[in-house]
Amino acid sequence: MSIAEATPDFEVEDRNDRAFLGHPKGLGYLAFVEGCERFSYYSMQTLLTLYMVNYLLLPGRLENVVGLEWLRVNYYDGLSGQPLSSAIFGDYTSLVYLTPIIGGIIADRFIGRRAALIAGGAIMALGHFLMAFEHMFVFALISLIVGVGLFKGNIASQVGALYKETDLRRAMAFQIFYIAINVSVIIAPLVSGTLGEKVGWHWGFGCAGVVMVAGLLLFLAGQRYLPDNAPPKKGQPREKMGPGDWPRVFALVLLVPAMAIGLLTNQQIFNAYLVWADQQFQLTFFGTTLPTSWMITIDAALSFSMLVAVAAFWKWKATKTGTEPDELGKMIIGSFFTIAGGLCLYMAALTQGSAKIGLFWPVMFHLLNSIGFAHILPVSLALFSKIAPRAINATVIGIYYLAFFLANKIVGYVGEWFSSMPTTTFWLIHVASAVVGLIAFVLFKMVVASRMTQSGEEPALA
């Protein structure tokens, strides 16, 4: 099967539709729906560690959470305080990237992507509302894990399904998709983070639930502009994978651990980094202490700006010279910026002294890390969507999120060391992980990349 046949070709109202910024109207709906879902998710992720360290896991409160004391003793080996918070964070944030594989299989083989997205959105909203009741904490996390599994991989697959394989707008569509995500990450800490830290933790979580419900309603309203994606009818033969598909799938699977290692520094932002910022950053200005969660807004604002700037730069370069790096080339470039960002955190810890840390080095970290992010995440998702065999498209998009599963599991494990080792050493470990990711991307490009496009009539997306 050729690459042109390896991506879904679902029926939509009009593939030549350019009503939304030169793209199909369906992209607008999907971008805003994903924006609502990511607002709710990043509200949760921004508040979760701070909520646990500063409130839920304190003596006298932990015991009131149904099932948590049992988990602490029998599963988390008696951890307490910040190490326990990091372990829970690692399990939660890793599982929400593992379950999309199961959600993709359910969508591809049984209920279709539309039904999976609706069910996922409803279950996620339930999870956010349960977070407003501290004794239901464990059940809230379970609901969110299940809901994200049904939702996440399937909405990314629908973006790719809006375009023919020869449509050059596909890569930019994923850039727009990521921009919508980053706008949500900018807003979430300002709204839910401020509500959670300044008004009450449960107000922040409840706000996330309301926005998720709004996103679900928006998805229902935009149905006629989106692919149907129904599963095969009973008795209808299922599409089979050709022998040429397996090398592409194998190559994508090999890319997952390399991405996971390279993502460690970026994913730690929501865990130990926030604890460090809460304890050591100078966040008081003119007598007012800013919410620690606003550091995520700084990161998201820079990520948004760098996504736009990087996309504009490579478009300008391609227009001027006719060339630009392929996906793996951009990921290699991004790794250098990730390394530089991690070194900024090392410098912040090294030069702290007895005072609190000023924001120069943290902001430089967010800037450089965001440039790295812009070179790695959007093009890698476009690459997976393009090469995924048609018969298992949503499943392969779920495999893409295995990189985040592995990265976040490592984040939770490594984050436990934050309280027991020098901060300089802690961040140097993250720098080393980015170096390992860089080496892996280089080797992958040299040795394995040809398998990804060996049967394609067109080059990989830039």
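This is a predicted model, so every value here is computed, not measured.

**Regarding the pattern of salt bridges**
Next up, step 1: This structure, assessed with the given rule, holds six salt bridges.
Next up, step 2: The partner of Arg38 in a salt bridge is Glu37, with the nearest N and O atoms 2.6 Å apart. The residues Arg38 and Glu37 share a single accessibility class, namely buried.
Next up, step 3: Through salt bridges with shared partners, a single network forms among Glu34, Glu37 and Arg38.

**Quick notes on the packing of helix H3 (residues 81-130) against helix H6 (residues 201-221)**
Next up, step 1: Put simply, H3 and H6 touch, their axes get as near as 7 Å, and they point 160 degrees apart. Classed by the angle they form, the pair H3 and H6 counts as roughly antiparallel. In terms of crossing hand, the pair formed by H3 and H6 is left-handed. On the side of H3, the interface is formed by Arg114, Leu117, Ile118, Gly121, Ala122, Met124, Ala125, His128 and Phe129, while H6 contributes Phe205, Gly206, Ala208, Gly209, Val210, Met212, Val213, Leu216, Phe219 and Leu220.
Next up, step 2: Partitioning the contact of H3 with H6 into residue classes produces 14 nonpolar, four polar and one charged.

**Points about the nonpolar core**
Next up, step 1: Phe137 and Trp276 are the most contacted members of the largest nonpolar core, which totals 132 residues.
Next up, step 2: The leading source of residues in this core is helix H1 (residues 25-56), at 15 residues.
Next up, step 3: Residues contacting Trp276, with those up to four places away along its chain left out, are Phe281, Leu345, Ala348, Ala349, Ile357, Phe418, Thr423 and Trp427.

**Quick word on the confidence of the model for the protein chain**
Next up, step 1: For the protein chain, mean pLDDT is 84; residues scoring 70 or higher make up 87% of the total.
Next up, step 2: Least confident of the elements in the protein chain is helix H16 (residues 449-452), whose mean pLDDT is 61; most confident is helix H9 (residues 272-280), at 95.

**Examining the side chain of Thr265**
Next up, step 1: Within the secondary structure layout, Thr265 lies in helix H8 (residues 264-268).
Next up, step 2: A polar contact is formed between the side chain of Thr265 and the backbone oxygen of His430, at a distance of 3.3 Å.

**Observations regarding helix H12 (residues 360-387)**
Next up, step 1: Under the 1.5 Å per step criterion, the end-to-end length of H12 is 41 Å for 28 residues, consistent within 8% with the ideal 40 Å.
Next up, step 2: Along H12, the sharpest kink reaches roughly 30 degrees, centred on Phe373.
Next up, step 3: Of all the 28 residues making up H12, 23 are buried; the element is thus mostly covered by neighbouring parts of the structure.

**Focus: helix H7 (residues 245-262)**
Next up, step 1: Helix length check: H7 (18 residues) gives 26 Å between terminal C-alpha atoms against 26 Å at 1.5 Å per residue, within 8%.
Next up, step 2: Listed in full, the buried residues belonging to H7 are Asp245, Pro247, Arg248, Val249, Ala251, Leu252, Leu255, Val256, Ala258, Met259, Ala260 and Gly262.

**Things to note about the packing of aromatic side chains**
Each aromatic ring pair is summarised here by two numbers: the centre-to-centre distance and the angle between the ring planes.
Next up, step 1: Under the counting rule described, the total for this entry stands at 24 aromatic pairs.
Next up, step 2: Summarising the aromatic geometry, the rings of Tyr273 and Phe365 are spaced 5.7 Å apart at their centres and angled 45 degrees between planes, so their arrangement reads as tilted. Highlighted residues: Tyr273 in helix H9 and Phe365 in helix H12, separated in sequence by 92 residues.
Next up, step 3: Given the relative accessible area of 0%, Phe365 is considered buried.
Next up, step 4: Members of the aromatic cluster, each reached through a chain of ring pairs, are Tyr41, Tyr42, Tyr92, Tyr97, Phe270, Tyr400 and Phe404.

**Digging into a nonpolar patch on the surface**
Next up, step 1: The grouping of Phe129, Val210, Val213, Leu217 and Leu220 at the surface amounts to a nonpolar patch, some 420 Å² of accessible area in total.
Next up, step 2: In terms of residue count, H6 provides more of the nonpolar patch than any other element does, four residues in total.
Next up, step 3: Of note, Leu217 is situated in helix H6.
Next up, step 4: On the accessibility criterion, Leu217 (54% relative accessible area) is exposed.

Criteria and cut-off values
Residues numbered from 1 in each chain as written. Predicted model: local features only at pLDDT ≥ 70, side-chain atom pairs only at ≥ 80, totals over all residues. Heavy atoms only, no water. Salt bridge = Lys/Arg side-chain N within 4 Å of Asp/Glu carboxyl O. Buried < 20%, exposed > 50% of the residue type's maximum accessible area, 1.4 Å probe, protein only. Axes fitted to C-alpha atoms, helices over the stretch in contact; angles between N-to-C directions. Helix = DSSP H or I, 4+ residues; strand = E, 2+ residues; numbered from the N terminus. Parallel < 35°, antiparallel > 145°, perpendicular 65-115°, else oblique. Left-handed = near helix turned anticlockwise from the far one by under 90°. Contact = heavy atoms within 4.5 Å. Nonpolar A, V, L, I, M, F, W, Y, C, P; charged D, E, K, R; others polar. Core = buried A, V, L, I, M, F, W, Y, C linked by side-chain atoms within 4.5 Å. pLDDT = per-residue confidence, 0-100. Polar contact = N/O pair within 3.5 Å; in protein donor to acceptor, adjacent residues only side chain to side chain. Expected span 1.5 Å × (residues − 1). Bend = angle between axes of the 7 residues up to and from the residue. Phe/Tyr/Trp six-rings, centres within 6.5 Å; stacked < 30°, edge-to-face > 60°. Patch = residues over 30% accessible without salt bridge, like charges linked within 9 Å, V, L, I, M, F, W, Y side chains within 5 Å. Areas by Shrake-Rupley, 256 points an atom, 1.4 Å probe, with all protein chains shown as cover.

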